[in-house]
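Reading the structure
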Amino acid sequence: MRRPFALLAAALLTGALAAPASAADGDEKFTIKDPRITESSGLAASRQHPGIYWTHNDSDDGAYLYAVDSSTGETVATITMSGVGSPRDVEAISIGPDDQIYVGDIGDNLGGTWPYVWIYRLPEPKNLRDQTIKATQYVVKYSDGARDAESLVVHPKTGRVYLVDKNEKGGHLYEGPARLSPSGTNVFRPIAAVPDLEATDATLSPDGRHLVVRSYFGAIAYDWNGGRIKKKERLGVPFLGQGESVTYTADGRTLMYGAEGVDSPVEPQDAPGTDGSDSASDRGGSGSSDGGGEGLGGNLKTGAIAAGAALVVLFGWRTLRRRR
């Protein structure tokens with residue numbers, strides 16, 4: 001979703017919050033070089049093709065998915081989805097069981113007024129080349145009314161689909177039916193609160209045990225707990241501009257964060273718990289605390305500086321929103 005993004009203070013905040021980047025099994029920082037990809041709004045690590053990441057534009061692009069080689073930043077395949085009509089506001093992508101790609105046409109540039117949104121499903125191709133693949137289209141509604149969302153995850157074991165709505169005051173995790181129906185309306189119901197951040201993407205670990213939800217300036221890690229999520233810790237995210245995407249790598253050891261824009265960067269960070277500990281307190285952090293602004297986690301050396309920067313960022317952000 002397009003937004004003005006001129007918060008210089010965000011660099012200070014996220015710079016203080018970000019943990020040192022690490023690359024596991026060749027998953028390193030890269031830049032998406034394809035000039036067609038100007039609004040990368042979702043990211044998913046391929047299970048069949050090591051080092052390949054699937055992404056898509058936000059809106060006004062068409063039914064296209066792009067396979068990007070992280071070793072070069074180049075697009076190695078463009079998929080055209082057939083059977084889905086004209087996408088409206090594509091915001092998320094995830095890979096479920098049996099190498100099925102799920103695409104979330106779930107954004108709402110009208111602020112949560114569309115009566116329904118769509119999810120598309122298609123098989124991840126075994127051969128990376130430009131091709132057209134027929135997708136299944138699902139109609140989605142929320143049990144408590146229309147809303148904007150940019151986050152979609154698929155449980156890697158059960159294949160059940162979940163959404164997180166986007167709200168500056170915090171949203172909810174919505175659970176879809178056990179199996180999506182292509183012939184009827186699929187009603188998603190709230191099952192857990194996702195407070196304290198404006199969700200722009202989410203990702204489930206490959207083992208299905210952990211959920212990470214990101215915002216523009218921070219992220220929160222949860223134990224999945226059967227969908228009744230339990231907060232573990234706050235995470236810092238790298239400052240990349242308009243931060244819109246996150247995915248676990250295929251091995252589950254690293255989180256890859258992305259952003260919108262031409263030549264948009266994708267940067268790695270250690271996934272929580274991969275350093276041998278299972279909580280922020282084990283690493284000297286304060287992730288179990290519920291206080292503070294977005295991204296105020298255990299990576300801070302000077303809490304007072306970060307708190308001041310957070311106030312500047314949030315004040316500027318809300319000022320910009322009021323001027324839209």
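Everything here concerns the structure above.
Position numbers for residues count from 1 along each chain, tracking the sequence in the order it is written. Selection of residues for local features in this predicted model requires a pLDDT of at least 70, selection of side-chain atom pairs for listing and counting requires 80 or more, and totals for whole chains, interfaces and linings are taken over all residues. Think of the side-chain values as coming from all heavy atoms in the structure, minus any hydrogens and water.

**So, the sheet that holds strand S18 (residues 230–235)**
By definition, the strands of a sheet pair up through backbone hydrogen bonds, in either a parallel or an antiparallel sense. Spatial strand order, S15-S16-S17-S18: four strands in an open sheet with antiparallel pairing. Each of the sheet's edge strands pairs with one partner strand only, and the pair in question is strand S15 (201–204) and S18. Averaged over all adjacent pairs, the angle separating strand axes in this sheet is 20 degrees, with direction ignored. In this structure, strand S16 (residues 210–214) lies alongside strand S17 (residues 219–223), joined through five bridges in antiparallel fashion. Of the residues in S17, the one forming a bridge with histidine 210 is aspartate 223. Here, strands pair whenever DSSP counts at least two bridges between them. Helix and strand definitions here come from DSSP, where helices need a minimum of 4 consecutive H or I residues and strands a minimum of 2 consecutive E residues; each element is numbered from the N-terminal end. Helix axes are fitted only over the stretch in contact, all axes being lines through C-alpha atoms; the angle between N-to-C directions runs from 0 to 180 degrees.

**Observations regarding the pattern of salt bridges**
One speaks of a salt bridge when a side-chain nitrogen belonging to Lys or Arg is within 4 Å of a carboxyl oxygen belonging to Asp or Glu. If you walk through the whole model with that rule in mind, you get eight salt bridges. The residue glutamate 175 makes a salt bridge to arginine 160 at a minimum N-O spacing of 3.7 Å. One end of the pair, glutamate 175, is in strand S13 (residues 170–175); the other, arginine 160, is in the loop between strand S11 (149–154) and strand S12 (161–165), with 15 residues separating them in the sequence. Take arginine 160: its relative accessible area is 24%, and that puts it in the partly exposed class. Glutamate 175 is the partner of arginine 228 in a salt bridge, and the nearest nitrogen-oxygen pair spans 3.9 Å. A residue pair is termed long-range when its members are at least 10 positions apart, and arginine 228 in the loop between S17 and S18 and glutamate 175 in strand S13 qualify at 53 residues. Working definition: with a 1.4 Å probe on protein chains only, accessible area under 20% of the residue-type maximum means buried, over 50% means exposed, and in between means partly exposed.

**Remarks on the pairing of S17**
Of all the five residues making up S17, four are buried; the element is thus mostly covered by neighbouring parts of the structure. As consecutive antiparallel partners, S16 and S17 are separated by four residues. Across five bridges, the pairing between S17 and S18 is antiparallel. Within the sheet, the bridge partner assigned to aspartate 223 lies in S18 and is lysine 230. What sits between S17 and S18 in their antiparallel hairpin is a turn of six residues, with asparagine 225 showing a positive phi close to 55 degrees.

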